[in-house]
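Each chain, written out:
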Amino acid sequence: MKKMLCVFGAVLAAASGLIFTACGAKAEGGDELNRENLATLKGKTVGVAQLNNVPGLTLQATLKKHGVDYVVLDGLQAAKSEDKVNLVAVEAEDMSPALGCDYYLCPEPAATAKINGTKDKPVSLVYAGSLQELYGGEEGYPQAVLVAKNDLAGDTVTGELVSSFAGNAQYLASAQTAEILSLLAEVRTSGLKPAFGEQNLNAEVVANCSVRYVPAAENKEKVNAFLGELAAVSANAAKAVSDEFYYTGDFTAQPQNQTVRKVYVPDGAPALGIVNALSQKNAAFEFHVIDAQAVAGYVTGASPAADYCVLPVNLASKLLGSGDAYRMLGTVTNGNLYFLTVKNA
């Protein structure tokens, strides 16, 4: 996975002039965590951003998959196990060499910011592995998905939107940083603090956000497996979905009306998935970048606002898994979580 990200990041850097930090510099902290040495985390403490949500649940599912026992601590001062991985909830903004954990699991863009912010200090945070690679190799895990209202799923206008998502990686390979930020700023909810800015958006971060569209027809089994693994960690984390949840057909039906369709996307990595669509200025769509905490409100209720929405796959399974109101068109992002560890100069 790291090799793939380095190559993709280098391509983006060359094509767009984005500032790029070589991936090799991220591996200075010693052995990179992989499937073969994951058990070396036993006895160590891992500080996890959003331990009780998808990041922490995915880590726990990955540890279970590889037969590595773990325990969830009440806090950093709790007694630690010597023969299990010690997981503790921490805030991403608090992650530092001084906090006291051996490793941290951190999302992008915060992970790269932590590395760059400490790289010239006597004690620094350095790259130690990719959770995406540990879970599913270069394919990562199905993190965020695109859904459409049931009556829109198969028409030609939806086909235009899907095409823009499918072409997003190619767009990112030539887009300027300022252009990406400007496009997102135009559709971001007023007052919402941007997840990305000039200081934390570069080719490496874009690559590490794993923005890659995979149609539902190609990803159905993997999504089902991932949801099952999350539910095995916590029964309330995800639900099994019906076959009707997945839209695997074509996009040839004629639209029933010509009204502008609203697309809602949470800020952060998922928002990078719409920049190609934004650049196309298609009058058929009205885009909104929203607070990730508010996304459920746009796909629920008697008359939900979103014609299309990008949301975490586990949330989609719980709210929309019957397929009665919305259908999943595809996966938009495939994980953006990275291990950091402490390095002494």
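As shown above, the structure is provided for reference.
Summary of the structure given here. (Residues numbered from 1 in each chain as written. Predicted model: local features only at pLDDT ≥ 70, side-chain atom pairs only at ≥ 80, totals over all residues. Heavy atoms only, no water.)

What follows covers the overall build of the chain. Within the chain one finds 12 helices and 12 strands. With respect to the principal axes defined by its C-alpha atoms, the chain has extents near 60 × 45 × 35 Å. Sorting the 345 residues of the chain into buried and exposed places 53% on the buried side. Intrachain contacts of the chain at a sequence separation of at least 6 include 80% that bridge at least 24 residues. As presented, the chain carries roughly 14600 Å² of accessible surface, and 49% of it is formed by carbon and sulfur atoms. One way to put it: in the chain the 26 positive side-chain charges average out to a point 3 Å from where the 35 negative ones average out. (Helix = DSSP H or I, 4+ residues; strand = E, 2+ residues; numbered from the N terminus. Buried < 20%, exposed > 50% of the residue type's maximum accessible area, 1.4 Å probe, protein only. Contact = heavy atoms within 4.5 Å. Areas by Shrake-Rupley, 256 points an atom, 1.4 Å probe, with all protein chains shown as cover. Lys, Arg positive; Asp, Glu negative; His and termini not counted. Charge placed at Lys NZ, Arg CZ, Asp CG, Glu CD.)

Attention shifts here to the nonpolar core. Counting 49 residues, the largest nonpolar core has Val46, Leu59, Val147 and Phe339 as its most contacted members. Examining the composition of this core, we find that 6 residues originate from one element, helix α9 (residues 216-233), more than from any other. In this view, Phe339 contacts Leu33, Val46, Leu59, Tyr104, Leu105, Val126, Tyr127, Ala128, Gly129, Ser130, Leu131 and Leu134; residues no more than four positions away in its chain are not counted. In terms of nonpolar packing, the next biggest core, distinct from the first, is built from 41 residues, Val162, Ala271, Val275 and Ala277 among them. (Core = buried A, V, L, I, M, F, W, Y, C linked by side-chain atoms within 4.5 Å.)

Before going further, it helps to examine the sheet that holds strand β4 (residues 103-107). Taken in spatial order, the 6 strands make up an open sheet running β2-β3-β1-β4-β12-β5, and their pairing is mixed. One side of each edge strand has no neighbouring strand; the edge strands of this open sheet are β2 (70-72) and β5 (123-130). Sheet twist, expressed as the mean angle between neighbouring strand axes with direction ignored, is 30°. Of the pairings in the sheet, the one linking β2 to strand β3 (residues 85-89) comprises 3 bridges and is parallel in character. Each residue of the ladder has a partner; that of Tyr70, found in β3, is Val85. (Pairing = 2+ DSSP bridges. Axes fitted to C-alpha atoms, helices over the stretch in contact; angles between N-to-C directions.)

In this section: α9. Helix length check: α9, at 18 residues, gives a terminal C-alpha distance of 24 Å against a target of 26 Å (1.5 Å per residue), a fit within 8%. Along α9, the largest kink reaches about 30° and is centred on Lys222. Of the positions making up α9, those classed as buried are Ala216, Asn219, Val223, Phe226, Leu227, Leu230 and Val233. The inward-facing, buried residues of α9 contact α2 (54-65), β2, α4 (131-136), β7 (211-215), α12 (313-320) and β11 (326-333). (Expected span 1.5 Å × (residues − 1). Bend = angle between axes of the 7 residues up to and from the residue.)

Moving on: the packing of α2 against α9. α9 packs onto α2 with a crossing angle of 95° between their chain directions and a minimal axis gap of 9 Å. As summarised for this structure, α2 and α9 are arranged roughly perpendicular, according to the angle between their axes. Contact residues: α2 offers Leu57, Thr58, Gln60, Ala61, Lys64 and Lys65, while α9 offers Phe226, Glu229, Leu230, Ala232 and Val233. Grouping the constituent residues of the contact of α2 with α9 by class yields 6 nonpolar, 2 polar and 3 charged. (Parallel < 35°, antiparallel > 145°, perpendicular 65-115°, else oblique. Nonpolar A, V, L, I, M, F, W, Y, C, P; charged D, E, K, R; others polar.)

Among the 8 residues in β5, 7 count as buried, and that is most of the element. Both β5 and strand β12 (residues 337-344) contribute to a ladder of 7 bridges, which runs antiparallel. Note that in β12 the partner of Val123 across the bridge is Asn344.

Nothing here speaks to function; it is geometry throughout.
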